[in-house]
Amino acid sequence: MLTTKQKTLRHFWYPTLRVDEVAAGPRPFRLMGEDLVLFMTAEDRPAALEDRCCHRTAKLSKGWCDAGLIVCGYHGWTYDGDGVLVRIPQFDPDRAIPKHQVRSFHAQARYGYVWVALEEPLAPIFDIPEDSDPGFRRIFQFYETWQTAPLRLMENSFDNAHFAFVHQATFGDAKQPKPRVYSIEETDYGFKATTVVDILNPPAAHAVTGTSDPTTTRSMVNHWYLPFARRMDMTYPSGIRHIIINVATPVADGEIKLVQLLYRNDTEADCPTEKLIAWDATIVHEDKEVLESTSPDAILDVQRRIEAHMPSDRPGLIMRKRLLDLLHAHGEQEVTYQY
Ligand code: FES
Ligand SMILES: [Fe+2]
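So, how was this worked out
Residues numbered from 1 in each chain as written. Chains lettered and ligands numbered in written order. Predicted model: local features only at pLDDT ≥ 70, side-chain atom pairs only at ≥ 80, totals over all residues. Heavy atoms only, no water. Phe/Tyr/Trp six-rings, centres within 6.5 Å; stacked < 30°, edge-to-face > 60°. Helix = DSSP H or I, 4+ residues; strand = E, 2+ residues; numbered from the N terminus. Buried < 20%, exposed > 50% of the residue type's maximum accessible area, 1.4 Å probe, protein only. Expected span 1.5 Å × (residues − 1). Contact = heavy atoms within 4.5 Å. Salt bridge = Lys/Arg side-chain N within 4 Å of Asp/Glu carboxyl O.

Chemist: Looking at this structure, how should I read the packing of aromatic side chains?
Modeler: What describes a pair of aromatic rings is the distance from one ring centre to the other and the angle between the planes of the rings. For the coordinates displayed, the defined rule picks out 10 aromatic pairs. Between F191 and W224, the aromatic rings sit 5.3 Å apart at their centres with planes inclined by 45°, giving tilted as the arrangement. Note that F191 is positioned in strand β13 (residues 190–200) and W224 in strand β14 (residues 215–225), a separation of 33 residues in sequence. A residue is classified by how much of its surface remains accessible, and F191, at 0% relative accessible area, is buried. A network of ring pairs unites the aromatic residues Y111, W115, F126, Y189 and Y225 as a single cluster.

Chemist: I'm lost on helix α6 (residues 314–329) in this one. Help?
Modeler: Residue pairs spaced three or four apart in an α-helix point in one direction, given the helix's 3.6 residues per turn. Taking 1.5 Å of rise per residue, the 16 residues of α6 would be expected to cover 22 Å, and the 22 Å separating its terminal C-alpha atoms lies within 8% of that figure. What α6 keeps buried is the set P315, G316, I318, M319, R320, R322, L323, L324, L326 and L327. On its buried side, α6 packs onto α2 (150–157), β12 (183–186), β13 and β14. Just downstream of α6 lies G331, where phi reads positive at about 75°.

Chemist: Is there a simple way to think about the pattern of salt bridges in this case?
Modeler: Once the charged atoms of two side chains with opposite charge are near each other, the side chains can pair. On inspection of all chains with the given rule, the structure shows 23 salt bridges. Of the charged contacts, one joins R87 and D66 as a salt bridge, the two residues approaching to 3.0 Å between their closest N and O atoms. Here the residue R87 occupies a position in strand β8 (residues 85–87), and D66 occupies one in strand β5 (residues 64–66), the gap between them amounting to 21 residues. When its relative accessible area of 33% is taken as the criterion, R87 is described as partly exposed. Residue R152 pairs with E155 through a salt bridge whose shortest N-O separation is 2.8 Å. With R152 and E155 both in helix α2, this residue pair falls three residues apart, about one helical turn. Each member of the pair, R152 together with E155, is buried. When salt bridges with common partners are traced through the structure, they connect R10, E34, E50, R103 and E119 into a single cluster.

Scope: geometric values only; no functional claims are made or implied.
Right under this line is the structure:
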């Protein structure tokens, strides 16, 4: 499934750049193959426009902001947050500005990121109650470019059968290849999958898990939000909550931004941010290595049914079905090329 070919996927919100970066903008961002420029308007709301001046096609992201407007660096044509041309510096002051506009997209600030939807959104940005809960801290954990497809990251996020293989150097127990089964509840936004995972707890993980026992468990409530977002809500027996939000923002076919936030109900003194990033980075990069080796264009596996031989992977099968249903409901077929 190539994300730029599936138009329905343009109707969802994706995190792009940090709000503080955009505030220092303008900044370019590529979303589903579309080159955008992001900046803040005079009302302090994010704006996302096509990164192409309608005069002589220069990239607007190479220009600058002036009182919440964006100025093209080539001849100074100036646009507002809706992409409307509001100033041509070469015109005499009494000359009317012709009606020109560059394309604009939906943009809003949430959880420290600017989220963009290329077309009318089909669903709101999902709620993260912990973001406004003083009992939790928010950590900007990862913001990285991966050469993989968003669906590959989502499959991986619910695939507990890879722990004993991909993660045997960190928390995976190579002697336990058969994971416990998920219990799954489908929802309007995707599904909620609950399970318990037995993990190894090496010394580097002690502050993260809140225990020095050699093994421990994670009680996981894992949510999937169509199409490419996941909330992994883990509770350790120590009472520590470790809630990972990750979104695979589709940049282009076979390329994503991994945007990952972490919420914890402990303090910096209990476990420093640096340590939380370092431990999860080791794990996440084990996934990156294998995911970058997968095919971004693989079909949704409805024909191959490989997961049918792997009883632990009901989430993968449901995910495929829901994505196909979504495409069909909007009059689209899945477009694939290689299989
Ligand atoms: S190309 Fe942008 S003002 Fe001329
Ligand atoms: Fe993994």
